[in-house]
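# Topology and contacts: notes
Each chain, written out:
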Amino acid sequence: MATKYIFVTGGVTSSLGKGIIAASLGKLLQARGYRVTNQKLDPYINIDPGTLNPYEHGECYVTNDGHEADLDLGHYERFLNVPSSKANNVTSGRIYQNVITRERRGDFLGKTVQVIPHITDEIKRNVKQLGNTGNFDFVITEIGGTVGDIESLPYIESVRQLRWELGSDCLCIHLTYVPYVAAAGELKTKPTQHSVKELQQEGVQPDVLVLRAEHPITPEVRKKVALFCNVDPEAVIESADVKTIYEVPVRMQQEGLDRVVLKRLGLNPEDTVADMDQWNFFLNKLKTAEKEVRIALVGKYVRLPDAYKSIIESLIHASAYNDRKLKLDLLLSDDITESNVETTLKGYDGILIAPGFGERGIEGKIVSARYARENNIPTLGICYGMQVMAIEFARNVLGYKDAHTVEINPNAKHKVIDMMEEQKTHLDKGGSMRLGAYACKIKPGSRAAEIYGKELIQERHRHRLEFNNQYKAEFEANGMIISGVNPDTQLGEIIEIPSHPWYVGVQFHPEYSSTVLSPHPLFLQFVKAAANK
């Protein structure tokens, strides 16, 4: 069949969960046997979120092919269990960069370059690029921002054009908010009506409306919204608040979202049945777990939990599969010192030392790593967290009190974390980064080998500096081994202390690969160790 294109837009306010709705629909269609991919179009001018402060935009997600992407791609992968790529996330910055590059090259033969048709053509090319591969039956594209934003206008215009070009192979879902006015004791649909009118003024009539609300949507409200917004009553879908995002696909299935979408696209929903057994198995374990596992995440961006979105979700997956209810506390590393570390971390079953470049908060992480190491608390260090574990070991076991990362102290005598020679020719921030999936060879008989159950793995990276191999022999002689290395460069990827109950640091980001149906083994074993502490 021809690839079907579904666009998800948002109105009234931001943060309604367009990404979760898009991912949930993708999951339901995938469960019916269709090949599905999700895409995110971001209206901001940055080329990618790689240089954005996490407090600005949440976590920077990394794909296998090394693209630094919006955190919604993490939702897509966790729901669909299918890796995404650079093509799945496009920003206005990249769109304009591509068009300007072509203009400078002379591709437009001297014509005036304009938003219409040149920018919109480039947007459409990026949307259809995934469908043109022949690998997908459905491409679900989420438009970032809120309808009415200046930044989103070229994207909505591109959707308008694609609806004419693709005909019955294209559909638009609009997600809005229906507020409850307590004084009146009723839901108010006027914001939704105005949002749809705004979309209609831009030339797009939504086929399906998804209404976010804190109170149940009554049949009368559905009928009213359908009447004023030119949609069928069955295409008005309620998205009520739920305790976990993993309930959303089930709720959308109950509301009939997938059936409505299939009908609108000319497909018979009776021809397929959504097999959600595995998903419901996970959801049941998540809901029925009674025993708690207490984990402390020590990081510098904890005031915005979305900065650690994939780590948090990975811990949720692992806890559920270990029949544990996750009790997670996000602790600001800036506040942790030698004098308060015991009172801060005492009582936790496990400690996760989070990633996060820069000087702020690093000493609190180092103090936390020492406390965890000396008190036999199961500990997982990720990326910068692994580097922190190496620095702490060098300072307090090897006795190198000035041991540090070259990022913070380039004059340190003992640069335990350093930049490799081949990286030093790159001047731009992104150019010297190791990004995307790299191979890692695991040492037989190590804890890492026990965790993964195989010798060669692939994991995603996002970092600039590396463990300095000049210290490898000294580390191993004193009890911390390098149990995983890159087979091509011999760079250290995994460190561990065999004599410790569970003390593992990884240079890569395992959280990017953990999904609902395939939880990452590192998180599974970390939570298991914490639960059995």
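Figured I'd write up the structure that's included with this text. Quick caveat, the model's predicted, so the values are computed rather than measured. (Residues numbered from 1 in each chain as written. Predicted model: local features only at pLDDT ≥ 70, side-chain atom pairs only at ≥ 80, totals over all residues. Heavy atoms only, no water.)

### Looking at the packing of aromatic side chains
What characterises a pair of aromatic rings is the spacing of the ring centres plus the angle enclosed by the ring planes. Per the stated rule, a full pass over the model turns up 11 aromatic pairs. When the ring of Tyr400 is compared with that of Tyr471, the centres are 6.1 Å apart and the planes differ by 65 degrees; the resulting orientation is edge-to-face. With Tyr400 in the loop between helix H15 (384-396) and strand E16 (404-405) and Tyr471 in the loop between strand E20 (466-467) and helix H17 (472-477), this pair connects stretches of sequence that are 71 residues apart. Tyr471 shares its class with Tyr400; the two are buried. For the pair Phe467 and Phe475, a centre-to-centre distance of 5.1 Å together with 85 degrees between the ring planes defines the contact as edge-to-face. Since its relative accessible area comes to 0%, Phe467 is described here as buried. The exposure class assigned to Phe475 is buried, which follows from its relative accessible area of 0%. Among the aromatic residues, ring-to-ring pairing joins Phe79, Tyr246, Trp279, Phe282 and Tyr321 into one connected group. Above the ring of Phe228, the side-chain terminus of Lys190 is found at 6.0 Å from the ring centroid. (Phe/Tyr/Trp six-rings, centres within 6.5 Å; stacked < 30°, edge-to-face > 60°. Helix = DSSP H or I, 4+ residues; strand = E, 2+ residues; numbered from the N terminus. Buried < 20%, exposed > 50% of the residue type's maximum accessible area, 1.4 Å probe, protein only. Lys NZ or Arg CZ within 6 Å of the ring centre and 35° of its normal.)

### Overview of the pairing of strand E21 (residues 481-485)
Most of E21 sits inside the fold, with five of its five residues counted as buried. With two bridges joining them, strand E18 (residues 434-442) and E21 adopt antiparallel strand pairing. Opposite Lys441, over in E21, you have Val485 as the bridge partner. Relative to strand E22 (residues 492-496), E21 is paired through four bridges, and the arrangement is antiparallel. Looking across to E22, one finds that Val485 is bridged to Gly492. Here E21 folds back onto E22, and the loop between the two strands holds six residues, one of which, Gln490, carries a positive phi near 65 degrees. (Pairing = 2+ DSSP bridges.)

### Regarding the packing of helix H7 (residues 190-201) against helix H8 (residues 219-229)
In contact at an axis separation of 10 Å, H7 and H8 are set at 25 degrees when each is read in the N-to-C sense. Comparing their axes, H8 and H7 come out roughly parallel. Our pair here, H7 against H8, has a crossing hand that is right-handed. Contacts between H7 and H8 involve Thr192, Gln193, Val196 and Gln200 from the first element and Lys224, Val225, Phe228 and Cys229 from the second. Here the residues of the contact of H7 with H8 sort into four nonpolar, three polar and one charged. (Axes fitted to C-alpha atoms, helices over the stretch in contact; angles between N-to-C directions. Parallel < 35°, antiparallel > 145°, perpendicular 65-115°, else oblique. Left-handed = near helix turned anticlockwise from the far one by under 90°. Contact = heavy atoms within 4.5 Å. Nonpolar A, V, L, I, M, F, W, Y, C, P; charged D, E, K, R; others polar.)

### Overview of the sheet that holds strand E5 (residues 89-91)
Strand pairs in the sheet, formed through backbone hydrogen bonds, run parallel or antiparallel to each other. Strands sit in the order E5-E2-E6-E1-E7-E10-E11 across an open sheet of seven strands; the sheet is parallel. Looking at the sheet topology across the chains shown, the edges are occupied by E5 and strand E11 (236-240). On average, each strand axis in the sheet is inclined to that of its neighbour by 20 degrees, with strand direction left out of account. Of the strand pairs in this sheet, strand E2 (residues 36-42) and E5 are connected by three bridges, and their pairing is parallel. The residue bridging Lys40 from the neighbouring strand is Asn89, located in E5. Contacting E2, E5 and strand E6 (138-143), helix H3 (residues 72-80) runs over the sheet at an angle of about 170 degrees to E2.

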